[in-house]
Amino acid sequence: MQQRKKELQRTHQFLHKHAALWCGLLVTLLLMVAAGMLVWHQLNPKTHFNNLKTVAHNHTQVHQAKGTFNILVIGSDERKNQVSGHTDSMLLVHADLTKKHYTIMSIPRDSRIYLNNFGYTKLTSVQAVYQAKYGAKQGAFRAVQAISSYLDVPVNYYLETNYTGFRSMVHAVGGITMNVPFNVTLTHPWYTEDYNKLITAGNHKLTAKMVTEIVHERDSVPGTDFGRQRLQEAALLGIGNKISDPLNAFKVPALVSSISQFLVATNMSKTDMISIGLAMKSNFNAKKQVRYLQLQGKDTVLYDDVLQNYNDEIVLERSQLHKIITQDF
């Protein structure tokens, strides 16, 4: 009995002595749980993309459904150490994370556009015009605003990449499987050893270098720029399938951490990117969930006020554009 009392006394002394420690551990644990809940709330795709801002001021009052947003993706010909470039490719992406559906619309780079204080020119020149006047980052932002107004569509996020950046992105996911829609002969490759190389139609496991070579080709493919848009679509689907594969889920944080290697400019935060990755990480099926659109227009020789010459420009069908924007974006 006496022994039992001594044991209880020692236990009481121990608990009393270490009460502060236990309280500290409990508080730490509660704070960790609370922090985890806060982080999850910030990353949860169901809440993260509600009440988003738009890039262009005239779209700030546009109502967008919860879990939906638009991204303008710009591929420029900007080289390393350059501070400006022309737009080689342009994609508008509408994401509906609730329905798990994605619409991708290719915008012809030679589409005719009017810029205040500059006159008429082609979309491919907009970025270079604004960057020459306002600098690299502010110029890219103003170009996105101009394109948003031109398409009459709200843009929430923009991403600009270039040759080096796109190659780094594909390399970061370990290459992709790409369904090449038609035979492609590399007539204008980045690397001389790839000149006249033929890539046949069908599925190919490709390195980052070869993917970048393929999406750059235009002269040997059906429809030139329109054909290149289809190649870019196939590459994007390959990247989406690779990232969303559960076996590659561990690569997403590393991919986001290295984002600066392949993005020239963006207003998207790392939490935005991780949240998108979480939304796509399971049950992603590109054939069922992704819809691809190409804008049509009339190819006409017109005067370009910026370039001060006559050149081929595409005048988009505004009625078709308005219908697509209203229904899909």
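Here the structure is a predicted model, which means the values were calculated and not measured.

Undergrad: Explain the overall build of the chain to me, please; I cannot follow it from the model alone.
TA: Within the chain, the secondary structure is distributed over twelve helices and 14 strands. Restricting to contacts in the chain with at least 6 residues of sequence separation, those with at least 24 account for 63%. Surface summary for the chain: the accessible area is close to 18100 Å², and the carbon and sulfur share equals 57%.

Undergrad: Any chance you could explain the environment of Val73 here in plain terms?
TA: Mapped onto the fold, Val73 is located in strand β1 (residues 68-76). Residues Val73 and Leu159, spaced 86 residues apart in sequence, show a C-alpha to C-alpha distance of 4.9 Å. Sequence-distant contacts of Val73, defined by excluding residues within four places in its chain, comprise Ser89, Met90, Leu91, Val93 and Leu159.

Undergrad: Would you mind showing me how to read empty space enclosed by the protein here?
TA: To find the voids left in a structure, one rolls a probe of water-molecule size over its atoms. In the structure shown here, the tally under the stated rule is four cavities of 30 Å³ or more. Counted as a void, the second largest cavity has a volume near 60 Å³. If you trace the second largest cavity, you find it lined by Asp88, Ser89, Met90, Ile107, Arg109, Asp225, Arg228, Gln229 and Gln232. Of all the elements in the fold, those that place two or more residues in the lining of the second largest cavity are β2 (87-96) and α8 (225-244). Broken down by class, the residue content of the lining of the second largest cavity amounts to two nonpolar, three polar and four charged.

Undergrad: Please clarify how the confidence of the model for the chain should be interpreted in this entry.
TA: As a note on interpretation, predicted positions should not be read in detail where pLDDT is low. When pLDDT is averaged across the chain, the result is 77; 74% of the residues are at 70 or more. No element of the chain has a lower mean pLDDT than helix α2 (residues 19-43), which averages 40, and none a higher one than strand β8 (residues 184-185), which averages 95. Long-range and interchain partners of residues 17-41, a stretch whose pLDDT sits below 50, account for five contacts in this model, where long-range means more than four residues apart.

Undergrad: I'm lost on the pairing of β1 in this one. Help?
TA: Counting buried positions along β1 yields eight of nine residues, so the element is predominantly enclosed. One ladder, built from nine bridges, connects β1 with β2; its direction is antiparallel. Among the inter-strand pairings, Val73 is bridged to a residue of β2, identified as Leu91. Pairing geometry for β1 and strand β6 (residues 157-161), over five bridges, is parallel. Directly across from Ile74, in β6, lies its bridge partner Glu160.

Undergrad: Mind showing me how you'd approach the packing of helix α4 (residues 123-134) against helix α5 (residues 136-151) here?
TA: Packed helix pairs are specified by the crossing angle of their axes together with the interaxial distance, meaning the distance between the axes. Running from N to C, α4 and α5 cross one another at 140°; their axes reach a closest spacing of 7 Å. Between α4 and α5, the interaxial angle falls into the category oblique. For the crossing formed where α4 meets α5, the hand is right-handed. Seen from α4, the contacting residues are Leu123, Val126, Gln127, Tyr130, Gln131 and Tyr134; seen from α5, they are Ala136, Gln138, Gly139, Ala140, Arg142, Ala143, Ala146, Ile147 and Tyr150. Across the contact of α4 with α5, the residue classes break down as ten nonpolar, four polar and one charged.

Undergrad: I'm lost on the sheet that holds β1 in this one. Help?
TA: To summarise the sheet geometry, strands pair through backbone hydrogen bonds and adopt either a parallel or an antiparallel arrangement. Here six strands make up an open sheet; going across it, the order is β11-β6-β1-β2-β3-β12 and the pairing mixed. Of all strands in the sheet, those with a lone pairing partner are β11 (265-266) and β12 (290-294), marking the two edges.

Undergrad: What is the right way to look at helix α7 (residues 208-216) in this model?
TA: Structural remark: α-helix, 3.6 residues per turn; residues separated by three or four positions point the same way. Burial of α7 is extensive: nine of the nine residues sit out of reach of the surface. Every buried residue of α7 is listed here: Ala208, Lys209, Met210, Val211, Thr212, Glu213, Ile214, Val215 and His216.

Undergrad: Before we go on, may I ask you to explain unusual backbone geometry in this structure?
TA: A negative phi angle is the norm for most residues apart from glycine, just as the trans form is the norm for most peptide bonds. A positive phi angle, close to 75°, is found at Asn117, a residue other than glycine. Following the sequence through the fold, Asn117 ends up in the loop between β4 (112-115) and β5 (119-122). Judged by relative accessible area, which is 75%, Asn117 ranks as exposed. Backbone geometry places Gln308, a non-glycine residue, at a positive phi of 55°. Its place among the elements puts Gln308 in the loop between β13 (297-304) and β14 (309-316). Accessibility expressed as a relative area gives 61% for Gln308, which makes it exposed.

Undergrad: Sorry if this is basic, but what is going on with a nonpolar patch on the surface here?
TA: A surface patch of nonpolar side chains, amounting to about 330 Å² of accessible area, comprises Val301, Tyr303 and Tyr310. Within the secondary structure layout, Tyr303 lies in strand β13.

Undergrad: What's the story with the packing of aromatic side chains in this structure? I'm lost.
TA: Taken as a whole and assessed by the stated rule, the structure comprises six aromatic pairs. For the ring pair Tyr303 and Tyr310, a centre distance of 5.2 Å and an interplane angle of 65° mean the geometry is edge-to-face. An aromatic cluster of three or more residues is present, and its members are Phe118, Tyr130 and Tyr134. Here the basic side chain of Arg142 rests over the ring of Tyr134, its NZ or CZ set 3.9 Å away from the ring centre.

The rules behind each value
Residues numbered from 1 in each chain as written. Predicted model: local features only at pLDDT ≥ 70, side-chain atom pairs only at ≥ 80, totals over all residues. Heavy atoms only, no water. Helix = DSSP H or I, 4+ residues; strand = E, 2+ residues; numbered from the N terminus. Contact = heavy atoms within 4.5 Å. Areas by Shrake-Rupley, 256 points an atom, 1.4 Å probe, with all protein chains shown as cover. 1 Å grid on protein atoms, 1.4 Å probe; cavity = no way out; pocket = protein on both sides within 12 Å on 5 of 7 lines; lining within 4 Å. Points joined across faces, edges and corners; volume = space filled by probe spheres on them. Nonpolar A, V, L, I, M, F, W, Y, C, P; charged D, E, K, R; others polar. pLDDT = per-residue confidence, 0-100. Buried < 20%, exposed > 50% of the residue type's maximum accessible area, 1.4 Å probe, protein only. Pairing = 2+ DSSP bridges. Axes fitted to C-alpha atoms, helices over the stretch in contact; angles between N-to-C directions. Parallel < 35°, antiparallel > 145°, perpendicular 65-115°, else oblique. Left-handed = near helix turned anticlockwise from the far one by under 90°. Patch = residues over 30% accessible without salt bridge, like charges linked within 9 Å, V, L, I, M, F, W, Y side chains within 5 Å. Salt bridge = Lys/Arg side-chain N within 4 Å of Asp/Glu carboxyl O. Phe/Tyr/Trp six-rings, centres within 6.5 Å; stacked < 30°, edge-to-face > 60°. Lys NZ or Arg CZ within 6 Å of the ring centre and 35° of its normal.

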